[in-house]
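# A structural walkthrough
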Amino acid sequence: MAKISTLRPSPTALLNPRCDSSFKAIFAADTPESNAALKDLISTILNREVKEMALLPNEPVVEIFTESQMSFDVSVKFNDGEKVDLEMQARNQAYDYSSRAEIQVARLLSTSNIKGDNWTTPAAYQISVLNFSLDKSDKSCLSWYTMKDEMGKSLSNRLNVIFFDLVKNRKLINTPVGKLSKLEKWGLFLSYADSEKHAGYIRELVDSEGGLMNARSSLLTVSQDEINWARQNSIYIAQHDYNDGLYNAEKRGERKRALEAARNALAMGLTASQAAQISQLPLDEIQQLKN
């Protein structure tokens, strides 16, 4: 009997929650466990109980899984009309991510219905779970931004940008579970849920919180779906190609600067050996520049 090909590395392998497509698969699946996990994570981050919420559609139906064709954020609306956009951001981009988050929450607020003529638009929350540190000088794992004046006085608090830094939270790994806050437990779960090395510790974390139990259950379910592995693998390939492009571009820039330094050294009357030492280029290459 022919062996069935699969993208899943092993029968027990779990998707990486820090990959944006896998994060969405865990928290936006049409299952009670996924819905309960999403509700618990948002409640924990906002530090308030979320009783009722509904998932909002935010992407076109497509057949090919690429980042340019799919949106991997999770959009929800509370029963009071407030909206939340929750996303996993796996890497820092070349653009200003904080500006991007501000624009995202402004767009979210603009789509809310205005009730009457008194501008009582429900609040909007842009929550980014970061697998990198946006501000290394800020030691807090959770940063919450609203519009305030120079004295710290807030406006309506309708625009809310929230960053949950997983990197800073990881220093708590192997801390006794009883000493962790619920938010810290969520951070460690998202950081190590797919780790075989920390499987025992994560199991202890999961057993301590109902929300994490539901998240773990959802992760186990979505990890059995080959489509989710295809999405995750395609994103890994795209990231690898992107990083290779940056590396090669940087190398080309370094070489251009080295050649310029060598030519300048030769123009100043320095020997080929001295030019090679300055530019860190091979001596035989410097000899060719002289010819």
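Above: the structure in question.
Description of the structure in this document. (Residues numbered from 1 in each chain as written. Predicted model: local features only at pLDDT ≥ 70, side-chain atom pairs only at ≥ 80, totals over all residues. Heavy atoms only, no water.)

### Details of the overall build of the chain
- When helices and strands are tallied, the chain shows 10 helices and 6 strands.
- Contacts in the chain between residues far apart in sequence, at least 24 positions, make up 62% of those at least 6 positions apart.
- Within the structure as shown, the chain displays about 16500 Å² of accessible surface, and the carbon and sulfur contribution to it stands at 52%. (Helix = DSSP H or I, 4+ residues; strand = E, 2+ residues; numbered from the N terminus. Contact = heavy atoms within 4.5 Å. Areas by Shrake-Rupley, 256 points an atom, 1.4 Å probe, with all protein chains shown as cover.)

### Digging into the sheet that holds strand β5 (residues 142-145)
- Read from one edge of the open sheet, 6 strands run β1-β2-β3-β4-β6-β5, paired in mixed fashion. Of all the strands in the sheet, the pair left with one neighbour each is β1 (53-56) and β5. Between one strand and the next, the sheet's axes are offset by a mean angle of 20 degrees, whatever the strand orientation.
- The pairing of strand β3 (residues 83-89) with strand β4 (residues 124-130) spans 7 bridges and is parallel. Of the residues in β4, the one forming a bridge with D85 is Q126. (Pairing = 2+ DSSP bridges. Axes fitted to C-alpha atoms, helices over the stretch in contact; angles between N-to-C directions.)

### Re the nonpolar core
- Counting residues in each nonpolar core, the largest one holds 48 residues, and the members touching the most others are F27, I42, L86, W186 and F189.
- Ignoring any residue separated from it by four or fewer positions in sequence, one finds L86 in contact with F23, L38, L41, I42, D73, V74, I127 and V129. (Core = buried A, V, L, I, M, F, W, Y, C linked by side-chain atoms within 4.5 Å. Buried < 20%, exposed > 50% of the residue type's maximum accessible area, 1.4 Å probe, protein only.)

### As for helix α2 (residues 32-46)
- Under the 1.5 Å per step criterion, the end-to-end length of α2 is 21 Å for 15 residues, consistent within 8% with the ideal 21 Å.
- The complete set of buried residues in α2 reads S34, A37, L38, D40, L41, I42, S43, T44, I45 and L46.
- Among the residues trailing α2, N47 stands out with phi positive, at a value near 55 degrees. (Expected span 1.5 Å × (residues − 1).)

### A few points about the environment of Q277
- Mapped onto the elements of the fold, Q277 is located in helix α9 (residues 272-279).
- When the C-alpha atoms of Q277 and A262 are compared, they prove to be 8.9 Å apart, with 15 residues separating the residues in sequence.

### Remarks on the pattern of salt bridges
- Within the structure shown, the criterion is met by 8 salt bridges.
- A salt bridge links R100 to E87; the nearest nitrogen and oxygen atoms lie 2.7 Å apart. You can see R100 sitting in helix α3 (residues 97-110) and its partner E87 sitting in strand β3, a full 13 residues away along the chain.
- A salt bridge links R203 to D207, with the shortest nitrogen-to-oxygen separation between them at 3.8 Å. Here the residue R203 and the residue D207 both occupy positions in helix α6 (residues 199-208), the gap between them amounting to 4 residues, near one helical turn.
- Judged by relative accessible area, which is 38%, R203 ranks as partly exposed.
- Because the salt bridges share partners, they merge into one network encompassing R48, D80 and E82. (Salt bridge = Lys/Arg side-chain N within 4 Å of Asp/Glu carboxyl O.)

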